[in-house]
Amino acid sequence: MTRILLAASAALCAAPALAENRIDLVRPDAPELAAHGDHAVGVTTMRFTREEVPDVARASEDGVESYDREITVEVWYPAARGTAPGGSYTALLRDGVTEVQLQGRAARDADPAAEGEFPLVLVSHGYPGNRFLMSHLAENIATKGYVVASVDHPDSTYDDMGAFGSTLVNRPRDQAFVLDRMAGLEDEIGAITDGDTAAVIGYSMGGYGALIFSGAGLTEDFRSSRYAPPQELLEINAHGADSMADLPDDRVRAVVAIGPWGRNRDAWDAESLSAIDTPLMLIAGGVDDVSGYDAIRSIFEETTGTERHLFTFENANHNAAAPMPAPTESWEVSETLGYAPFDHYADPVWDTTRMNNVTQHFVTAFLDLHLKGDAAKADYLDLVPDSADAVWDRAEDGTPNEADSYWAGFPNRTARGLRFETLPAGE
């Protein structure tokens, strides 16, 4: 009986902590650059309209009409000094019905920083997803001096899932549109946004869009496949098309594609992928069975026009690196879905917070190097490819000895189950 009472007491004490649904946790064993930066963070919601867009989701063999595409964007930004940290977000679960509260560091509608220009980072979710799916990463980056715009893509969110063809056509175009709108802001946030220095982070279909946005046009086989919408609407993203010529944007200095979907369906080939000349980081789970890990490796090998990295969580699946920790409410079976949406967020092998922290570390190094010109961050990307081969050999004060090859920024014994590979342009 005593054991039962103690267990019940422990469960009651734990319940409030679980209900917080915190997105800003940094574990004690996290790598160095996962830590939050020096900036207080504000967050606000913006809405933009792409006018006269073909309505792909409702297109048929009889024709297609145009509509105004309303796009909601959550924007995180460095806030004024003295801004008290802490705030919450109301977000929908994967079932598109259940509202949950997420707890983070950003203050709603806080005054922006009084001075400074901060690079712009776009965040693009999967199919389905929403602008809060990678809110943990957006907040973390913003504390380090970035303006981060996370997009709700119409026809692709939990409560607005339209025909898949809309995502195939619109994803890179939405990304380009939001970049233009954010770079052209004339308000207080626009005053601190360096829209000429930008990056794109995309997960799954967001990664698909980011690769097209970077210049990788779609193959003819894919454009005529069962995935293609009617009226040849996918031709706008075709390899070699005039409509692709102006899509890559010199303002985009770096691309992070997490579990990008498409190469597993021959959306690209070596020729189209070689057109990308923007520094690229690919992040993947080693057993991804949605986008296909071997297919992601093919992207890594075939993007020969740029230096690129492939960061792998061994034995992780498609949820590697991107989703926030599963909200407590997602553990319950959803009446709408008929199953618990927990598996939309979590990985059966890796702890989500651990993956988030490691991703924050590498994304910070990559963005700081390419958007801020911080050459010292290159050391965090120059690693022994297999972390199991890295040797810890440090003096008592932490100074590396000659034999030391341990991953930069990782505490001893923490760089396990990871791979970080790099290929230079031309190879």
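Residues numbered from 1 in each chain as written. Predicted model: local features only at pLDDT ≥ 70, side-chain atom pairs only at ≥ 80, totals over all residues. Heavy atoms only, no water.

**Q** Would you mind going over the pattern of salt bridges with me for this structure?
**A** In the structure shown here, the tally under the stated rule is 23 salt bridges. The partner of Arg22 in a salt bridge is Glu20, and the shortest N-O contact between them spans 3.9 Å. For Arg22, a relative accessible area of 27% translates into the label partly exposed. Of the charged contacts, one joins Arg69 and Asp155 as a salt bridge, the two residues approaching to 3.4 Å between their closest N and O atoms. With Arg69 in strand β2 (residues 66-78) and Asp155 in the loop between β7 (147-152) and β8 (156-157), this residue pair connects regions lying 86 residues apart in the sequence. Neither residue differs from the other here; Arg69 and Asp155 are each classed as buried. Residues joined by salt bridges that share partners form a network here, namely Arg50, Asp55, Arg58, Arg69, Asp155 and Asp174. (Salt bridge = Lys/Arg side-chain N within 4 Å of Asp/Glu carboxyl O. Buried < 20%, exposed > 50% of the residue type's maximum accessible area, 1.4 Å probe, protein only. Helix = DSSP H or I, 4+ residues; strand = E, 2+ residues; numbered from the N terminus.)

**Q** Please clarify how the sheet that holds strand β10 (residues 193-203) should be interpreted in this entry.
**A** Sheets are built from strands paired through backbone hydrogen bonds, the pairs being either parallel or antiparallel. In space, the ten strands of this open sheet follow the order β5-β1-β2-β7-β6-β10-β11-β12-β13-β14, with mixed pairing throughout. Each edge of the open sheet carries a strand with a single partner, namely β5 (107-108) and β14 (418-423). The pairing of β2 with β7 spans five bridges and is classified as antiparallel. When the sheet's bridge partners are listed, Thr72 is paired in β7 with Asp152. Relative to the sheet, helix α2 (residues 135-142) contacts β1 (41-54), β2, β6 (118-124), β7 and β10, its axis offset from that of β2 by approximately 50°. (Pairing = 2+ DSSP bridges. Contact = heavy atoms within 4.5 Å. Axes fitted to C-alpha atoms, helices over the stretch in contact; angles between N-to-C directions.)

**Q** Would you mind showing me how to read the pairing of β1 here?
**A** Note on strand geometry: in a regular strand, side chains alternate between the two faces of the sheet. With twelve bridges joining them, β1 and β2 adopt antiparallel strand pairing. Bridge assignment links Pro54 to a residue of β2, and that residue is Ser66. With two bridges joining them, β1 and β5 adopt parallel strand pairing. By the bridge assignment for β5, Gly42 is matched with Ala107.

**Q** So what exactly am I meant to see when it comes to the pairing of strand β11 (residues 252-258) here?
**A** The buried fraction of β11 is high, at six of seven residues. Here six bridges tie β10 to β11, and the two strands are oriented parallel to one another. For Ile201, the partnering residue across the bridge sits in β11 and is Val256. Pairing between β11 and strand β12 (residues 280-285): four bridges, direction parallel. When the bridges of β12 are listed, Ala257 appears paired with Leu282.

**Q** What's the story with empty space enclosed by the protein in this structure? I'm lost.
**A** Empty pockets left among the atoms are what a rolling probe the size of a water molecule brings to light. Counted according to the given criterion, the structure contains one cavity of 30 Å³ or more. Within this model, the largest cavity holds a volume of roughly 50 Å³. Residue lining of the largest cavity: Arg22, Ile23, Asp24, Leu25, His136, Pro325, Thr353, Asn356 and Gln360, and that is the complete set. Residue contributions to the lining of the largest cavity peak at three residues, all from helix α10 (residues 352-371). Of the residues belonging to the lining of the largest cavity, the class tally is three nonpolar, four polar and two charged. (1 Å grid on protein atoms, 1.4 Å probe; cavity = no way out; pocket = protein on both sides within 12 Å on 5 of 7 lines; lining within 4 Å. Points joined across faces, edges and corners; volume = space filled by probe spheres on them. Nonpolar A, V, L, I, M, F, W, Y, C, P; charged D, E, K, R; others polar.)

**Q** Hey, could you run me through the side chain of Thr167 in this one?
**A** Here Thr167 lies in helix α3 (residues 164-183). Excluding anything up to four places from it in sequence, Thr167 contacts Tyr127, Asp155, Ser156, Met205 and Tyr208.

**Q** Would you take a moment to explain unusual backbone geometry for this structure?
**A** Peptide bonds are mostly trans, and most non-glycine residues show a negative phi. Along the chain, Tyr127 connects to Pro128 via a cis peptide bond; the corresponding omega equals -5°. Checked against the element boundaries, Pro128 lands in the loop between β6 and α2. One non-glycine residue, Ser204, adopts positive backbone phi at about 55°. Take Ser204: it is sitting in the loop between β10 and α5 (205-213). Residue classification places Ser204 among the buried residues on the basis of a relative accessible area of 7%.

**Q** Please explain the nonpolar core as it appears in this structure.
**A** One recurring pattern in soluble globular proteins is that nonpolar side chains are buried together. If you look at the biggest cluster of nonpolar residues, it comprises 60 residues, and the most contacted ones within it are Val75, Val147, Met182, Tyr208, Phe222 and Trp268. Among the elements that make up this core, the one with the highest residue count is α3 (seven residues). What Tyr208 contacts, discounting residues up to four positions off in sequence, is Thr167, Leu168, Arg171, Pro172, Leu218, Phe222, Leu234, Pro260, Trp261 and Trp268. (Core = buried A, V, L, I, M, F, W, Y, C linked by side-chain atoms within 4.5 Å.)

**Q** Which parts of the structure should I look at to understand the confidence of the model for the protein?
**A** For residues with low pLDDT, the predicted coordinates do not support detailed interpretation. Mean pLDDT over the protein stands at 95; residues scoring 70 or higher make up 96%. Per-residue pLDDT stays below 50 along residues 1-18; that stretch engages in one contact with residues further than four places along the chain or on separate chains. (pLDDT = per-residue confidence, 0-100.)

**Q** How do you make sense of the side chain of Thr359 when you look at a structure like this?
**A** The residue Thr359 is located in helix α10 in this model. Within the structure, the side chain of Thr359 is placed 2.9 Å from the backbone oxygen of Met355, a separation counted as a polar contact. Filtering out sequence-adjacent residues up to four positions away, Thr359 remains in contact with Ile283, Phe313 and Ala321. (Polar contact = N/O pair within 3.5 Å; in protein donor to acceptor, adjacent residues only side chain to side chain.)

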